[in-house]
Amino acid sequence: MKLVLASKNQKKLVEMNDILSHLGIEVCSEAEAGVDLEVEETGSTFEENSLLKAKAVMEASGLPAIADDSGLCVDCLGGAPGVYSARYGGEGLSDEARYQILLENMRGQMTRTAKFVSVITCCFPNGDVLSARGECPGTIAYAPMGEGGFGYDPVFFVPELKKTFAQLAADEKNAISHRGKALEAFQVKLGEYLN
């Protein structure tokens, strides 16, 4: 089965293929499906934004489309940046600029608990929708560590592993990450759906 990823993020495409390929599912980019959309994320929840993206790309491509809406929710910031994680601090900033703003906004905070949240939604041309949510608890480091990953990975610290997401190998991260957990739950639902 082929799914179109409702995102232009190449790292997300690689991660999704890594996790779903053993189910015989190929995830292709919007470009490969001949789609070039900028879906406005007007939802107030990860579920709403994930559905908006998947539905728009499915309608434009005529193929089943999978979307991930994910973000970082920091307790001492009232759950921010949340659904605005990719736009935190304003448009056009680099990942590094965003996590530096986050660290600045947390200056002096001793409570640094946070969680990454991911909601995966798949829309099918027949109108069916599958959705799954995953969460990964952690804390926000005082300074970035590691070269891997993307987004807030260098500052998201996993206490049990004593490493940030950016210090983990891809398979280590996929085993515990919010997206890994959401995709695991999604795989089960998809397996049931296809049988």
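Structure first, text after, so check above.
Analysis parameters
- Residue numbers restart at each chain and count upward from 1, following the sequence in its written direction.
- Under the rules for a predicted model, residues below a pLDDT of 70 receive no local features and side-chain atom pairs below 80 are neither given nor counted, while totals for whole chains, interfaces and linings still include all residues.
- To obtain the side-chain values, all non-hydrogen atoms of the structure were included, while hydrogens and water were left out.
- Two strands qualify as a pair provided DSSP detects at least 2 bridges between them.
- By the criteria applied, helices consist of DSSP H or I runs no shorter than four residues and strands consist of E runs no shorter than two, each listed in order from the N terminus.
- Every helix has an expected span of 1.5 Å times one less than the residues it contains.
- Note on classification: 1.4 Å probe, protein chains only; a residue is buried when its accessible area is under 20% of the maximum for its type, exposed when over 50%, partly exposed between these limits.
- Read the arc as the range of directions from the helix axis to the C-beta atoms.
- Every residue pair with non-hydrogen atoms within 4.5 Å of one another is taken to be in contact.
- The salt bridge definition used is simple: a Lys or Arg side-chain nitrogen within 4 Å of an Asp or Glu carboxyl oxygen.

Engineer: I keep staring at the pairing of strand β5 (residues 129-140) and nothing clicks. Help me out?
Structural biologist: Where a strand is regular, its side chains alternate between the two sheet faces. In this sheet, β5 lies alongside strand β4 (residues 113-123) in antiparallel orientation, the contact comprising eleven bridges. Of the residues in β5, the one forming a bridge with T113 is T139.

Engineer: Even after reading the chapter, I still don't get helix α2 (residues 46-61), so can you show me in this structure?
Structural biologist: When the terminal C-alpha atoms of α2 are compared, their 23 Å separation across 16 residues agrees well with the 22 Å that a helix rising 1.5 Å per residue should span. For α2, every residue scored as buried is listed here: F46, N49, S50, K53, A54, V57 and M58. End-on view of α2: buried residues confined to an arc of 155 degrees, all on one side of the axis. Here the buried face of α2 lies against β1 (2-5), β3 (65-74) and β4. Immediately downstream of α2, the backbone of G62 shows phi near 75 degrees, a positive value.

Engineer: I keep staring at the pattern of salt bridges and nothing clicks. Help me out?
Structural biologist: When the charged atoms of two side chains lie near each other, side chains of opposite charge can form a pair. This structure, assessed with the given rule, holds 16 salt bridges. The closest approach of N and O atoms between D36 and K8, which form a salt bridge, is 3.5 Å. Of this pair, D36 sits in the loop between β2 (26-28) and α2 while K8 sits in the loop between β1 and α1 (10-20); the two residues are 28 residues apart in sequence, bridging distant segments of the chain. Overall, D36 belongs to the exposed group, its relative accessible area being 66%. Using a relative accessible area of 41% as the deciding quantity, one classes K8 as partly exposed. Within this structure, K12, E15, D68, D153, K173 and R179 form a network of salt bridges that share partners.

Engineer: Could you clarify how one ought to interpret the pairing of β4 in this entry?
Structural biologist: Of all eleven residues making up β4, nine are buried, and the element is well covered by its neighbours. Where β3 lies against β4, ten bridges are found, and the strand directions are antiparallel. Looking at β4, one finds that V74 is bridged to A114. Between β4 and β5, which pair antiparallel in sequence order, lie five residues; one of them, G127, sits at a positive phi of approximately 100 degrees.

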